Amino acid sequence: SIHLEANAGDSFSVNKIEATKGIDSDDSRITVTPRYDLNTEEADVVVAYASGDTDIEVTASRDAQSIKISQQIDDENRVSPTLASSGDISVEWERKLGDDSSLTTTLTPND
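Residues numbered from 1 in each chain as written. Predicted model: local features only at pLDDT ≥ 70, side-chain atom pairs only at ≥ 80, totals over all residues. Heavy atoms only, no water.

1. Concerning the pairing of strand 7 (residues 65–72)
Link 1 in the chain: Bridging between strand 6 (residues 54–61) and strand 7 involves seven bridges; their strand directions are antiparallel. Looking across to strand 7, one finds that D55 is bridged to S70.
Link 2 in the chain: Where strand 6 folds back onto strand 7 in an antiparallel hairpin, the turn is made up of three residues.
Link 3 in the chain: Where strand 7 and strand 8 (residues 77–84) come together, five bridges link them in antiparallel fashion. Within strand 8, the position partnered with K68 by the bridge is T82.
Link 4 in the chain: Taking the residues between adjacent antiparallel strands as the criterion, strand 7 and strand 8 are bridged by four residues. (Pairing = 2+ DSSP bridges. Helix = DSSP H or I, 4+ residues; strand = E, 2+ residues; numbered from the N terminus.)

Next up, the structure:
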């Protein structure tokens, strides 16, 4: 799929563009999403892998990279640590509360 973010007013301009390609294999899915911001001229790519209760997402640009690994612990709890090339680390915890509600908290040391 292709996604465009644009402005319309006195003139029409495209701000961001991204394309996503997904590949299914057995019970897993790989997606690749290159993205480009026309205003800042910044580009990156997001590569995601999902299988069972585990999701892995790698985001990489020329200057920064990160990896997020999400693990569904049980029906109500998901934990997702993120490591960045800058040395930043965070851990996200999501708790489902029922009725399509959830509570998410993120721990970021030194923040």
